[in-house]
Amino acid sequence: MTFVDPARMPAIGLGRKLNPAMDVNKSAFEGEDLALYDLFVHHLRTGRSVIDGITFTGCRVEGPAVMLVLDGTTFDATNFGESKGDMGNIVLRPVGNMAIGAIPVRNCTFVGCEFFALGFTGNEAILSQILAIPTSA
Amino acid sequence: MPDLNTIGPVPDDLGVRTHFEKVRVPLVHLIEAIDAAGGTLRGRRFVDCVIHGPCVVIPGAETRFEHCNLGDVAGDLRNLFLRAAGPLIIGGIPLHDSVFEGCIFMGVGIAGDDAFVDRFIETLTPKA
């Protein structure tokens, strides 16, 4: 067990200190930060193969991971992360009908979140929306 | 190919080890451990290992897969692959100068540019 003084946590893009989620077994996260991989592994261990029906508000969601965006997932006022000036850099198109290795996310809501080191895949409609996000670089 | 009944657990020294044999390797934990040790995922050799996702890897040109089982593709090996929409790939795990021999992959996708993906699929497709 180690103790990290919260005041010494690094600042993140959301204008606050990093606040790692201590409990991933819940359906709503607010102002907490977590790795998508850790959340998915928790779901797998509890018999769920999809991250489904979770609300994230003001959260930082980290990779490395590729999110498979499925039906019912929405993003509002969310920063998709550093794209190096080209949103194509965070978009991956599946070659077949599945996306092995990607983490499926269905019916989830992201509000005021930021992503770090995440790529995105899914159907062409959602990928087109991500590609249309303006970049600042 | 490893016997899943005799494969060893995840090594404690993931971050500094360069040779892995007959062990489980969760790639996300591996990259985290290497990052923490101040290194890069480069120059590793994996022999008869089980390589776990979920993750998407970006193999460099010098990375080799020999006699590996790339996992369940649900009847279509194209399901393993993702095409990059830009010149960079964010969210994937780069694999540089590494060798996988006789390994089994579970939940690991592969990403690259069009030429890389097409070439890899052609390599895996049985010749008529």
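About the criteria used
Residues numbered from 1 in each chain as written. Chains lettered and ligands numbered in written order. Predicted model: local features only at pLDDT ≥ 70, side-chain atom pairs only at ≥ 80, totals over all residues. Helix = DSSP H or I, 4+ residues; strand = E, 2+ residues; numbered from the N terminus. Rg over C-alpha atoms; globule rule 2.2 N^0.38 Å. Buried ≥ 20, exposed ≤ 12 C-beta atoms within 10 Å, placed from the backbone. Contact = placed C-beta atoms within 7 Å. Pairing = 2+ DSSP bridges. Nonpolar A, V, L, I, M, F, W, Y, C, P; charged D, E, K, R; others polar. Axes fitted to C-alpha atoms, helices over the stretch in contact; angles between N-to-C directions. pLDDT = per-residue confidence, 0-100.

Peer 1: Help me get a handle on the overall build of chain B, residues and values and all.
Peer 2: Counting secondary structure elements, chain B contains two helices and nine strands. When the helices and strands of chain B are placed in sequence order, the string is β-β-α-β-β-β-β-β-β-β-α. In summary, chain B has a C-alpha radius of gyration of 14 Å against a globular reference of 14 Å for 128 residues, a match within 12%. Structurally, chain B occupies a C-alpha span of about 40 × 35 × 20 Å along its principal axes. When the 128 residues of chain B are sorted by exposure, 38% land in the buried category. Contacts in chain B between residues at least 24 apart in sequence constitute 80% of all its contacts with a sequence separation of at least 6.

Peer 1: So what's going on with the overall build of chain A? Which residues, and what values?
Peer 2: A count of helical and extended segments in chain A gives two helices and ten strands. Along chain A, from the amino end to the carboxyl end, the secondary structure elements read β-β-α-β-β-β-β-β-β-β-β-α. A compact globule built from 137 residues would reach a C-alpha radius of gyration of about 14 Å, and chain A, at 15 Å, matches this within 12%. Dimensions along the principal axes, computed over C-alpha positions, put chain A at roughly 45 × 40 × 20 Å.

Peer 1: Now, about unusual backbone geometry: what can you tell me, with residues and values included?
Peer 2: It is generally the case that most residues other than glycine have a negative phi and that most peptide bonds are trans. Geometrically, the link from Gly-63 of chain A to Pro-64 of chain A is a cis peptide bond, its omega value of 10 degrees lying close to zero. Of note, Pro-64 of chain A is situated in strand β5 (residues 60-69). Here the residue pair Gly-53 of chain B and Pro-54 of chain B is connected by a cis peptide bond, since its omega of 0 degrees sits within 30 degrees of zero. The backbone phi angle of Lys-84 of chain A is positive, close to 55 degrees, even though this residue is not glycine.

Peer 1: Before we move on, can you summarise the pairing of strand β10 (residues 114-122) of chain A with the specific residues and values?
Peer 2: Two faces belong to every sheet, and in a regular strand the side chains alternate between them. Residues and elements named next belong to chain A. With seven of its nine residues buried, β10 lies for the most part within the structure. Note: β5 against β10, eight bridges, orientation parallel. Note that in β10 the partner of Val-69 across the bridge is Gly-122.

Peer 1: Explain the interface of chain B and chain A residue by residue, including any values.
Peer 2: Counting from both sides, the interface comprises 31 residues of chain B and, opposite them, 30 residues of chain A. Those elements that place two or more of their residues in the side of chain B that touches chain A are α1 (27-36), β4 (50-59), β6 (81-84) and β9 (104-112) of chain B. Grouping the constituent residues of the side of chain B that touches chain A by class yields 20 nonpolar, eight polar and three charged. Pairing geometry for strand β7 (residues 92-94) of chain A and β6 of chain B, over three bridges, is antiparallel. Each residue of the ladder has a partner; that of Arg-93 of chain A, found in β6 of chain B, is Arg-83 of chain B.

Peer 1: Give me the sheet that holds strand β9 (residues 109-111) of chain A: which residues, what numbers.
Peer 2: All names here are of chain A. Within the open sheet, the four strands sit side by side as β1-β4-β9-β6. Their pairing is parallel. Of all strands in the sheet, those bounded by a partner on one side alone are β1 (28-30) and β6 (74-76). Neighbour-to-neighbour, the strand axes of the sheet open up by a mean angle of 5 degrees, direction not taken into account. Note: strand β4 (residues 55-57) against β9, three bridges, orientation parallel. When the sheet's bridge partners are listed, Thr-55 is paired in β9 with Thr-109.

Peer 1: Give a detailed account of α1 of chain B, specifying residues and quantitative values.
Peer 2: In an α-helix there are 3.6 residues to a turn, and that puts residues three or four apart on one side. Buried residues of α1 of chain B: Leu-27, Val-28, Leu-30, Ile-31 and Ala-33 of chain B, and no others. Considering only its buried residues, α1 of chain B is in contact with α1 (36-45) and β5 of chain A together with β2 (24-26), β4, β7 (93-95) and β9 of chain B.

Peer 1: Could you give me a rundown of the sheet that holds strand β1 (residues 19-21) of chain B, with the residues and numbers involved?
Peer 2: Hydrogen bonds between backbone atoms are what pair the strands of a sheet, whose relative direction is either parallel or antiparallel. Residues and elements named next belong to chain B. Ordered in space as β1-β3-β8-β5, the four strands form an open sheet in which the pairing is parallel. Each edge of the sheet is formed by a strand with only one pairing partner; in this case those strands are β1 and β5 (64-66). For this sheet, the mean angle separating the axes of adjacent strands, direction not counted, is 5 degrees. The pairing of strand β3 (residues 45-47) with strand β8 (residues 99-101) spans three bridges and is parallel. By the bridge assignment for β8, Phe-46 is matched with Phe-100.

Peer 1: Could you give me a rundown of the confidence of the model for chain B, with the residues and numbers involved?
Peer 2: With 99% of its residues at a pLDDT of at least 70, chain B reaches an overall mean of 92. The complex model carries a pTM of 0.92, and its ipTM stands at 0.92.

Peer 1: Go over the environment of Asn-89 of chain A, please, and point to the residues and values.
Peer 2: Here Asn-89 of chain A shows up in the loop between β6 and β7. In this structure, the C-alpha to C-alpha distance between Asn-89 of chain A and Leu-131 of chain A, residues 42 residues apart in sequence, is 9.2 Å. The residues contacting Asn-89 of chain A, other than those within four sequence positions of it, are Ser-83 and Lys-84 of chain A together with Gly-86, Pro-87, Leu-88, Ile-89 and Ile-90 of chain B.

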